[in-house]
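Now for the letters of each chain:
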Amino acid sequence: MKKSGLVALVIVLAIVAVLGIGFVSVSNSIIRSEEEVNVSWAEVQNQFQRRYDLIPNLVETVKGYAAHEEEVFTAIADARAKLGGAQTVPETAEAVNAVEGALSRLLLVVENYPELKADASFRDLTYELTGTENRIAVARQRYNTSVQSYNVKIRTFPNSIVAGMRGAVPKDMFEAQTGASVAPEVKF
Amino acid sequence: MTRLRRPGTSDGYRRPMHASPARLWAAVVCAFAIVLFCSLWVYGQPKVPTKPVPPRLVNDLAGMLTSAEAQEIEERLLALNEANGVQFAVVTVPDMGGYSIEEYSVELFQKWGIGEAKEDNGLLLLIADEEGRLRFETGYGLEGDLPDAFLGRVIDENLVPHFMEGDPAAGIVEAVNTIALRLAGGEIEPSSKEEKSLSPDELAAIVFFAIVIVYLIVKSSSRKGPSGRPPKSGGGVRRPPSTPGPFMGGGWKGPSGGSSRGSSGGFGGFGGGRSGGGGASGGWK
């Protein structure tokens, strides 16, 4: 009798141990996924900051040639301010769309000023801006991939049990505005 | 008329095929494979060429260069690699299958892992023959030294004019020279070739494996009582699969990064560097 009692105890302990290890390993995996999401988001923010910093130079250079296009400059300034104040992912997405829209309009204006297009510093800025747009696209894609991976991880069984215990919730993807997924293009 | 005797049937008749569990399993696997294949296809990643074996920096897949020209460029790129560890790859492709050059170059850069993993000092010059487009894609580590505007100028001044004349090799050589000059003048850290000391990650990995090996040796040499099998409650002896991960990831990348540069007179191979989408694009058509 004692022996069977001992065996039962060992089995129970083993089950507890296995569950415990399972919980820890799933928990760690969720944490790692979440960190991946945070890192990708930081990179997205980084690239937006880069564009944010580039815009004043661009506006100044354009103003040098097209001083009276006030409406466009105001639109950019407003959009930029909105981006500076955005906190959550959806707010940022909306503000970014506004900035992109305003930038597109600015670059349309540029089409009317050939001397501006030939200006060396404007060309440099354009390359920088295009490069930044591309970096933003890549950072967004990587962020969305990491969010997708995280969301799938915490929503599938049995990870969902652990996720529920840890209070993990699905995160938002970075949605592109319809039609704004094409970066403002400059043709020479 | 002979009746087929199938094992496992009570009356000797042939059973319909789909009742067999083996068939069912095969069908499930096939369905899963199809679903998996479809989901991969839906992702829409560009299909890029595979890494060159043996590793090479100049990959003229579109046949735009003569072998002598390709060799000359390869030598210059190797010299650059020897000088400061930068992995500058030049790749020409016949066409990009409808993808934009930005998407294509990011995908190729990632697949090939251009640049060393820790330094991210890779640079890709991608040339698409049919579309007439070319692009520089910089690794994260080179974004400071090779800003987009600079690379844009290299494209406008060094590459496009020669490409328009039909002499791509001259353009590429000029571009390589301009870039090498800039990298030499800039504050590139010399590659840690001379560094023989181990990083903490590598040290920890080595210590860990030493302990495991010693433990296994001790265990196998002292065979008292029931052999080999650890008791169930001793499940704590085995580490959960996730823990060695960070060790191994950090530990093994270091040595592989160092040894790939040890071989002189040839390119050791791409180190798994990453790019963030920085660079500049242009075209000649």
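Reading the values: the criteria
Residues numbered from 1 in each chain as written. Chains lettered and ligands numbered in written order. Predicted model: local features only at pLDDT ≥ 70, side-chain atom pairs only at ≥ 80, totals over all residues. Helix = DSSP H or I, 4+ residues; strand = E, 2+ residues; numbered from the N terminus. Contact = placed C-beta atoms within 7 Å. Buried ≥ 20, exposed ≤ 12 C-beta atoms within 10 Å, placed from the backbone. Core = buried A, V, L, I, M, F, W, Y, C linked by C-beta atoms within 7 Å. Nonpolar A, V, L, I, M, F, W, Y, C, P; charged D, E, K, R; others polar. Pairing = 2+ DSSP bridges. Axes fitted to C-alpha atoms, helices over the stretch in contact; angles between N-to-C directions. Expected span 1.5 Å × (residues − 1). Arc of directions from axis to C-beta. Parallel < 35°, antiparallel > 145°, perpendicular 65-115°, else oblique. Left-handed = near helix turned anticlockwise from the far one by under 90°. pLDDT = per-residue confidence, 0-100. Right-handed = clockwise from strand over helix to strand, strands pointing away.

For chain B, the count of helices and strands is 7 helices and 5 strands. Each helix (α) and strand (β) of chain B, taken in turn from the N terminus, gives the series α-β-α-β-α-β-β-α-α-α-α-β. Here the contacts in chain B between residues at least 6 apart in sequence split such that 71% fall between residues at least 24 apart.

Moving on, we come to the overall build of chain A. A tally of regular secondary structure across chain A gives 6 helices and 0 strands. Reading the helices (α) and strands (β) of chain A from amino to carboxyl end gives α-α-α-α-α-α. Looking at chain A as a whole, 28% of its 188 residues are labelled buried. Restricting to contacts in chain A with at least 6 residues of sequence separation, those with at least 24 account for 78%.

One finds Val99(A), Leu77(B), Val90(B), Leu108(B), Leu124(B), Leu125(B) and Leu126(B) to be the most contacted residues of the largest nonpolar core, which totals 78 residues. Among the elements that make up this core, the one with the highest residue count is helix α5 (residues 120-155) of chain A (12 residues). Setting aside residues no more than four positions away along its own chain, Leu124(B) makes contact with Ala89(B), Val91(B), Ser105(B), Leu108(B), Phe109(B), Ile114(B) and Glu137(B).

At the interface, 17 residues of chain B touch 20 residues of chain A. Looking at the side of chain B that touches chain A, the elements that each hand over two or more residues are α3 (101-112), α4 (148-165) and β5 (275-283) of chain B. Top element by residues in the side of chain B that touches chain A is β5(B). It accounts for 5 residues. By residue class, the composition of the side of chain B that touches chain A is 5 nonpolar, 9 polar and 3 charged.

Residue and element names in this part refer to chain B. Pairing in this open sheet of 5 strands is mixed, and the strands run β1-β2-β3-β4-β5 from one edge to the other. The sheet is open, and its two edges are formed by β1 (58-60) and β5, each paired on a single side. Going across the sheet, the axis of each strand differs from the next one's by a mean of 15°, ignoring polarity. As judged from the 7 bridges shared by strand β2 (residues 87-93) and strand β3 (residues 122-128), these two strands associate in the parallel manner. Its bridge partner lying in β3, Phe88 is registered against Leu123.

Here we take up helix α2 (residues 70-85) of chain A. Residue and element names in this part refer to chain A. Over its 16 residues, α2 extends 23 Å from the first C-alpha to the last, a length consistent with the 22 Å expected when each residue adds 1.5 Å. Taken together, the buried positions of α2 are Ile76, Ala79 and Leu83. Across the axial projection of α2, the buried residues extend over an arc of 70°, all falling on one side. Away from the buried face of α2 by more than 90 degrees, exposed residues Glu70, Glu71, Thr74, Ala81, Gly84 and Gly85 are located.

Moving on to the packing of α5(A) against α4(B). A pair of packed helices is characterised by two quantities: the angle between their axes and the separation of those axes. It is at 8 Å that the axes of α5(A) and α4(B) come closest, and there the two elements cross at 115°. Judged by the angle between their axes, α5(A) and α4(B) are roughly perpendicular. When the axes of α5(A) and α4(B) are compared, the crossing they make is right-handed. The residues of α4(B) that touch α5(A), namely those facing Arg123(A), Asp124(A), Tyr127(A), Glu128(A) and Gly131(A), are Asp148(B), Ala149(B) and Gly152(B).

Residue and element names in this part refer to chain A. Of all residues in chain A, 92% attain a pLDDT of 70 or more, and the chain-wide mean is 83. Helix α4 (residues 114-118) is the least confidently modelled element of chain A, averaging 80 in pLDDT, while α5 averages 90, the highest of any element. Across residues 178-183, where pLDDT falls below 50, the model places 6 contacts with residues more than four positions away in sequence or in other chains.

Another point: the pairing of β3(B). Residue and element names in this part refer to chain B. Among the 7 residues in β3, 7 count as buried, and that is most of the element. On β3, burial covers both faces: Gly122, Leu124, Leu126 and Ala128 on one face and Leu123, Leu125 and Ile127 on the other are all buried. Between β2 and its parallel partner β3, the chain crosses via α3, and the hand of that crossover is right-handed. Pairing between β3 and strand β4 (residues 133-139): 6 bridges, direction antiparallel. When the sheet's bridge partners are listed, Leu124 is paired in β4 with Glu137. Hairpin connection between β3 and β4: a loop of 4 residues separates the two successive antiparallel strands, and Gly132 in this loop has a positive phi of roughly 70°.

A word on the confidence of the model for chain B. All names here are of chain B. The share of residues in chain B with pLDDT of 70 or more is 66%, and the mean pLDDT across the chain is 77. For residues 38-42, every residue scores under 50 in pLDDT, and the model assigns this stretch 0 contacts once sequence neighbours within four places are set aside. This model gives residues 187-196 a pLDDT under 50, and the stretch forms 8 contacts once residues within four places in sequence are excluded.

A few words now on unusual backbone geometry. Negative phi characterises most residues that are not glycine, and trans characterises most peptide bonds. All names here are of chain B. With omega at 0°, the peptide bond leading from Val53 into Pro54 counts as cis. The topology assignment puts Pro54 in the loop between α1 (21-43) and β1. Of note, Asp120 is a non-glycine position whose phi angle comes to about 55°, a positive value. Inspection of the secondary structure assignment puts Asp120 in the loop between α3 and β3.

On to the pairing of β2(B), then. Residues and elements named next belong to chain B. Within β2, 7 of the 7 residues are buried, which leaves it mostly tucked inside the rest of the structure. In this structure, β1 lies alongside β2, joined through 3 bridges in parallel fashion. Residue Val58 lies in a different strand from β2, and its bridge partner there is Val90. Read from β1 through helix α2 (residues 67-84) to β2, the crossover connection turns out left-handed.

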